[in-house]
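Reading the structure
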Amino acid sequence: MIAIELTEAASSATHALAALSSTPLAEPAPTGIDTEGVVAFFASKIAPILLAVLGVIFIGRASRGEISKVLTSSAIAIVGLAFIAGAATLFFVGDYLIDLIFE
């Protein structure tokens, strides 16, 4: 009786070890941050929402007669967008220069 129980326990332990050995233990660690995915997310999801909020604020101010504040805020927003576009351009130009120098 004891021998039968021991063989059943050994058999179930063998099945458990076989199941554990067939499953992968862990995914390989990520090598870095997917910056292209982050930038694409911000460009496709966050930026339109922020621009819509700015538009609603500008329309609200314009309807109250604060045209000079709206024009000032619009100019600041346009200059900010120009800085962001310039930074993106410098990123690509820098990448091109690095590829050109260290080729």
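How each quantity is defined
Residues numbered from 1 in each chain as written. Predicted model: local features only at pLDDT ≥ 70, side-chain atom pairs only at ≥ 80, totals over all residues. Heavy atoms only, no water. Phe/Tyr/Trp six-rings, centres within 6.5 Å; stacked < 30°, edge-to-face > 60°. Buried < 20%, exposed > 50% of the residue type's maximum accessible area, 1.4 Å probe, protein only. Helix = DSSP H or I, 4+ residues; strand = E, 2+ residues; numbered from the N terminus. Polar contact = N/O pair within 3.5 Å; in protein donor to acceptor, adjacent residues only side chain to side chain. Axes fitted to C-alpha atoms, helices over the stretch in contact; angles between N-to-C directions. Parallel < 35°, antiparallel > 145°, perpendicular 65-115°, else oblique. Left-handed = near helix turned anticlockwise from the far one by under 90°. Contact = heavy atoms within 4.5 Å. pLDDT = per-residue confidence, 0-100. Expected span 1.5 Å × (residues − 1). Bend = angle between axes of the 7 residues up to and from the residue.

1. Here we look at the packing of aromatic side chains
- Going through the model one piece at a time under the given rule, you end up with 1 aromatic pair.
- Summarising the aromatic geometry, the rings of F41 and F42 are spaced 5.9 Å apart at their centres and angled 70° between planes, so their arrangement reads as edge-to-face.
- By relative accessible area, F42 is classed as partly exposed at 47%.

2. Considerations on the environment of S63
- The topology assignment puts S63 in helix α2 (residues 35-63).
- You can call S63 exposed: its relative accessible area is 61%.
- Within the local environment of S63, its side chain forms a polar contact with the backbone oxygen of G60, the two atoms lying 2.8 Å apart.

3. Considering the packing of α2 against helix α3 (residues 67-101)
- With their axes 8 Å apart at the nearest point, α2 and α3 run at an angle of 160° to one another. Considered as vectors, α2 and α3 are oriented roughly antiparallel to each other. For the pair α2 and α3, the crossing hand works out as left-handed. Residue-level inspection shows L54, F58, R61 and A62 of α2 in contact with α3, the latter providing I67, K69, V70, S73, S74 and A77.

4. A closer look at the confidence of the model for the protein chain
- Chain-level statistics for the protein chain give a pLDDT mean of 75 and a share of 71% at 70 or above.
- Per-element confidence in the protein chain ranges from a low mean pLDDT of 56 for helix α1 (residues 2-22) to a high of 84 for α3.

5. Re α2
- Between the first and last C-alpha of α2 there are 40 Å, a value that for 29 residues agrees with the 42 Å anticipated at 1.5 Å per step.
- Of all bends in α2, the biggest is about 35°, found at I46, and the proline P48 comes one to four residues later.
- Positive backbone phi, approximately 90°, marks G65, located one or two places after α2.

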